[in-house]
Amino acid sequence: MKTFDEIITDQVRTVSVVGHVRPDGDCLGAVLSVRQYLKDNYPGIEADAFAEEVPQYLRFLEKDIPIFREDNHRTYDLCISVDCSDKERIGAAPEVFERALKTACIDHHETNPGYADVNCIEGKLSSACELLYRLFDKNRISRETAVCLYTGMVHDTDCFRYESTSPETLRAAADLIEKGFDFAKIIRESLVMRSWKEAAVIAEVTEKAVFLPEDQFLYAFAPLELQEKYGAAAQDLGSVVSSLNEIAGAEVVLFCYQLDRNTWKGSLRSKEKVNVADFAKDLGGGGHMRAAGFDFTEEPMVIAEIIRERVRKELSL
Ligand SMILES: [Mn+2]
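Definitions and cut-offs
Residues numbered from 1 in each chain as written. Predicted model: local features only at pLDDT ≥ 70, side-chain atom pairs only at ≥ 80, totals over all residues. Helix = DSSP H or I, 4+ residues; strand = E, 2+ residues; numbered from the N terminus. Rg over C-alpha atoms; globule rule 2.2 N^0.38 Å. Buried ≥ 20, exposed ≤ 12 C-beta atoms within 10 Å, placed from the backbone. Domains from an automatic or database assignment. Contact = placed C-beta atoms within 7 Å. Nonpolar A, V, L, I, M, F, W, Y, C, P; charged D, E, K, R; others polar. Expected span 1.5 Å × (residues − 1). Arc of directions from axis to C-beta. Core = buried A, V, L, I, M, F, W, Y, C linked by C-beta atoms within 7 Å. Axes fitted to C-alpha atoms, helices over the stretch in contact; angles between N-to-C directions. Parallel < 35°, antiparallel > 145°, perpendicular 65-115°, else oblique. Left-handed = near helix turned anticlockwise from the far one by under 90°. Pairing = 2+ DSSP bridges. Right-handed = clockwise from strand over helix to strand, strands pointing away.

Now for the overall build of the chain. Counting secondary structure elements, the chain contains twelve helices and eleven strands. For the chain, whose C-alpha radius of gyration is 19 Å, the value lies close to the compact-globule estimate of 20 Å for 317 residues. When its C-alpha atoms are laid out on the principal axes, the chain stretches across 60 × 40 × 40 Å. Taking all 317 residues of the chain together, 45% fall into the buried category.

Domain boundaries in the chain define domain 1 (4–192) and domain 2 (196–314). Taking only C-alpha atoms into account, the centre of domain 1 sits 26 Å from that of domain 2. The interface of domain 1 with domain 2 comprises twelve residues on the first partner and ten residues on the second. Its residues assigned to classes, the side of domain 1 that touches domain 2 shows two nonpolar, four polar and six charged.

The next point concerns helix α12 (residues 300–314). The end-to-end C-alpha separation of α12 is 21 Å, in line with the 21 Å expected for 15 residues at 1.5 Å each. Here α12 has its buried residues at P300, I303, A304, I307 and V311. End-on view of α12: buried residues confined to an arc of 100 degrees, all on one side of the axis. For α12, the exposed residues set more than 90 degrees away from the buried face come down to M301, V302, E309 and K313. On its buried side, α12 packs onto β7 (217–222), β8 (252–258), β9 (264–270), α11 (276–282) and β11 (291–296). Note on α12: the residue one or two positions beyond its end, S316, has a positive phi of about 50 degrees.

V17, V31 and L132 are the most contacted members of the largest nonpolar core, which totals 59 residues. Apart from the residues within four sequence positions on either side, V31 is in contact with V17, G19, A49, A51 and V82. With 35 residues, the next largest nonpolar core counts Y219, A222, V274 and A292 among its residues.

When two helices pack together, you describe them by how their axes are tilted relative to each other and by the distance separating the axes. Running from amino to carboxyl end, helix α5 (residues 143–156) crosses helix α7 (residues 183–192) at an angle of 50 degrees, the nearest separation of the two axes being 11 Å. The pairing of α5 with α7 is recorded here as oblique in orientation. Crossing angle aside, the handedness with which α5 passes α7 is right-handed. Between α5 and α7, the residues in contact are Y150, T151, V154 and H155 and F183, I186, I187, S190 and L191, respectively. Split by residue class, the contact of α5 with α7 holds six nonpolar, three polar and no charged.

Overall, mixed pairing links the six strands, which are arranged β6-β7-β8-β9-β11-β10 in an open sheet. Two strands close off the open sheet at either side, each with one partner strand: β6 (210–212) and β10 (286–287). Across three bridges, the pairing between β6 and β7 is antiparallel. Looking at the pairing, L212 lines up with F217 of β7. Taken strand by strand, α12 contacts β6, β7, β8, β9 and β11, and its axis lies near 165 degrees from that of β8.

This brings us to the packing of helix α4 (residues 128–135) against α5. At a minimum axis distance of 7 Å, the contact between α4 and α5 shows a crossing angle of 140 degrees. As far as their axial angle goes, α5 and α4 are oblique. Note on element contacts: α5 touches α4 through L149, G152 and M153, opposite A128, C129, E130, L132 and Y133.

This part takes up the pairing of strand β2 (residues 46–49). Consecutive residues of a regular strand have side chains that alternate between opposite faces of the sheet. Pairing of strand β1 (residues 14–18) with β2, which is carried by four bridges, proceeds in the parallel orientation. The residue bridging T14 from the neighbouring strand is E46, located in β2. Crossover β1 to β2 through helix α2 (residues 25–41) is right-handed.

Spatially, five strands are ordered β2-β1-β3-β4-β5 in an open sheet, and the strand pairing comes out parallel. The outermost strands of the open sheet, each flanked by one partner alone, are β2 and β5 (118–121). Taking the axes of each pair of neighbouring strands and ignoring which way they run, one obtains an average angle of 15 degrees across the sheet. The strands touched by α2 are β1, β2 and β3 (78–82); relative to β2, the strand with the most contacts, the crossing angle is about 165 degrees.

This is the structure in structure tokens:
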């Protein structure tokens, strides 16, 4: 594995950091930890972060330094893409990545082919933030950087509940909380608590979900009309699939929510036997063994049937 210093060569004076579309805790934690680490330790370097709109529950990571939402037409010496499995999935400003004099990719998706000049991809790691923790010099991680890294690790492991959590993950988390911050508050406010409208969406989606115990499969949809009824948007639906995944007897959970008139997003979760990253990959998406996703334009019922068949096959039902 490389170190971060090997990616930031002497010639680099300006750096941009980008992540994936619809950023989650790991993505924003990774983007903002890189910016913070550069700010703290590389006085000669100017670093800018790019990300699509930050969901409410992650706003505490934002600080008062602006995050660029779109292309600012600058050419950076180096653009670092984090937590993004595919060049096509870069959110906010893919042009910034394309235009950069040099590119780097730091990621933990097994499906990542390596699309930058320098690629640092560790498919077995819990999170992009854990990978960054390993690349950074431990003694130069500030409290602010630690908050970002810890948030990313907690989010991508659903609070250390997935098997991707290794002894090393927990050692990294232990090291980070030694920097002194309210980690219980991060878990509570960004991961566990839900807004009232999110809770209302979860209630209706759960009520309308279809559970097929004989197939160990559960699916649910949130069309635009349902989202509009509660004033919820795609970024308010992040916790729905985790909630559905708490239902016993469903090895695989599929939650589809409509993004616009033509596009849906499918989120997959599995508990212990099925690798849903393979399913998502075959449908043009990506992800991890226990959590993966993809976009689609078909009717959601068509997708539910495809996934159901695959679950049956995988489980030899
Ligand atoms: Mn991630």
